[in-house]
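Given next are the chains, with one letter for each unit.
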Amino acid sequence: MGKMTITPEQLQLSGLKFRKELLQMPVHAMQETLQFMTLRRGIRYAETVGELTGDIDLGPYSETRIDDRDMSIAGRTLYTYLGSVVKKFSPNSVVKSIYDSAITKGEELKNVDIALRVLSYLTAKLGHNLQSHIWNAVRNDSGNTSADLFNGFDTITQTEITNSKITAALGNLYEFDAAITDTNAVDCIKALCEAASELLVDSGQRVNLYCSPAIYRNYLKDYQSTVGSIPYNTSYDKTVVEGFENVHFVPLYNKANSPFIHLSPASNMLVGVDQEGEEENISVEKHEAFVLQFIATMFFGVQFESINKERLLVGKLHA
């Protein structure tokens with residue numbers, strides 16, 4: 001029985017031919033989280049985002065009245081950081097790890113684009129690791145992993161709390177006075193929503209409640225024990241907060257150890273990438289016998305478009 005191998009030439013050709021698709025692969029691999037956020041493309045290093053604020057009113061007709069109230073733009077900066085990786089690997093060993101159970105046999109082997117599958121596997125892994133740290137990443141210029149590349153949403157949140165930009169007085173911070181358990185979760189989550197600005201939770205827009213899976217499970221358990229078998233309780237799987245039908249639970253594995261709950265629309269949760277410039281690249285090169293190098297560079301970063309209470313409420317969990 002003959003062996004299945006991948007030549008360096010095949011991988012190099014695939015890296016060139018499918019460069020655009022491969023650059024998109026990390027983003028596709030993050031859809032579990034990105035589907036609840038807003039992706040901004042074409043951002044290299046930094047882009048100013050923010051919110052235009054001000055007011056204007058129609059009053060009874062007057063030839064002399066002038067509305068001279070100020071308007072302002074609360075600017076924020078979405079930073080994307082250029083990350084890179086060089087990974088040495090043996091094509092045969094990678095093939096074994098990917099195709100041990102999934103590879104087709106016999107004549108069907110001819111229909112498998114193995115080179116693209118190997119590259120797709122590695123680029124998808126890049127996306128998965130970025131997704132895993134989208135909340136807790138802390139920028140470290142001398143770091144080596146995705147957790148060091150950028151500042152995640154939780155890190156940005158803590159910085160804004162430290163700088164007194166997210167506070168209870170400003171209406172964008174709510175502090176829980178007890179741990180959320182399977183006996184108080186319903187009351188805790190409803191209290192969070194009741195503390196939110198009406199323009200956030202009662203405006204008719206969909207608002208996401210980003211939390212850990214454990215908090216969501218506690219809510220389900222508490223909800224079931226609270227309402228029991230009341231006729232309108234047709235499903236154990238509650239996807240919205242009771243009394244706040246536009247507030248949707250978004251439990252995420254990467255929120256598992258987060259010290260915060262975030263209440264915000266997807267439009268306010270920005271994820272920046274480039275995907276357009278020549279500084280981003282994915283290639284495979286051969287510099288050693290039997291060993292290839294997978295080389296990738298890409299931009300990535302996150303930011304809140306606004307931290308005003310009308311767009312964001314942070315729930316700080318009880319320590």
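Residues numbered from 1 in each chain as written. Predicted model: local features only at pLDDT ≥ 70, side-chain atom pairs only at ≥ 80, totals over all residues. Heavy atoms only, no water.

**Student:** It is not clear to me how the sheet that holds strand β13 (residues 313-316) should be interpreted in this structure. Could you clarify?
**Tutor:** Reading across the sheet, the 6 strands line up as β5-β13-β9-β6-β8-β7 and stay open at both edges, with mixed pairing between neighbours. The outermost strands of the open sheet, each flanked by one partner alone, are β5 (173-175) and β7 (240-241). As paired elements, β5 and β13 share 3 bridges and run parallel to each other. Its bridge partner lying in β13, Leu173 is registered against Val314. Against the sheet, helix α7 (residues 185-195) touches β5, β6 (207-211), β7, β8 (244-251), β9 (260-264) and β13, its axis set at about 120° to β8. Together, β6, β7, β8 and β9 form the strand contacts of helix α9 (residues 213-227), whose direction differs from that of β8 by roughly 135°. (Pairing = 2+ DSSP bridges. Helix = DSSP H or I, 4+ residues; strand = E, 2+ residues; numbered from the N terminus. Contact = heavy atoms within 4.5 Å. Axes fitted to C-alpha atoms, helices over the stretch in contact; angles between N-to-C directions.)

**Student:** Would you mind going over the packing of aromatic side chains with me for this structure?
**Tutor:** The geometry of two aromatic rings is summed up by the distance between their centres and the angle between their planes. As enumerated under the stated definition, the model contains 10 aromatic pairs in all. Arranged with centres 5.3 Å apart and planes meeting at 50°, the rings of Trp135 and Phe153 form a pair that is tilted. Of this pair, Trp135 sits in the loop between α5 (114-132) and α6 (153-162) while Phe153 sits in helix α6, placing them 18 residues apart in sequence. The same class applies to Trp135 as to Phe153, namely buried. One aromatic cluster in this structure is built from Trp135, Phe153, Tyr210 and Phe304. Lying across the ring of Trp135, Lys255 places its NZ or CZ 4.1 Å from the centre. (Phe/Tyr/Trp six-rings, centres within 6.5 Å; stacked < 30°, edge-to-face > 60°. Buried < 20%, exposed > 50% of the residue type's maximum accessible area, 1.4 Å probe, protein only. Lys NZ or Arg CZ within 6 Å of the ring centre and 35° of its normal.)

**Student:** Is there a simple way to explain the pairing of β6 in this structure?
**Tutor:** For a regular strand, side-chain orientation follows a simple rule: the groups alternate between the two sheet faces. The element β6 is largely enclosed, with a buried count of 5 among its 5 residues. Note that β6 and β8 share 5 bridges and pair parallel. Of the residues in β8, the one forming a bridge with Val207 is Val247. Pairing analysis gives 3 bridges linking β6 to β9, with the strands arranged antiparallel. Bridging from a neighbouring strand, Leu209 pairs with Leu263 of β9.

**Student:** I'm lost on the pattern of salt bridges in this one. Help?
**Tutor:** Think of it this way: side chains of opposite charge can pair up when their charged atoms draw near. Counted by the stated rule, this structure contains 7 salt bridges. The partner of Glu47 in a salt bridge is Arg40, and the shortest N-O contact between them spans 3.4 Å. A salt bridge links Arg76 to Glu160; the shortest N-O distance between them is 2.9 Å. A residue pair is termed long-range when its members are at least 10 positions apart, and Arg76 in strand β3 (residues 72-79) and Glu160 in helix α6 qualify at 84 residues. The class for Arg76 is buried, based on a relative accessible area of 10%. Connected through salt bridges with shared partners, the residues Arg40, Glu47, Glu305 and Arg311 form a single ionic network. (Salt bridge = Lys/Arg side-chain N within 4 Å of Asp/Glu carboxyl O.)

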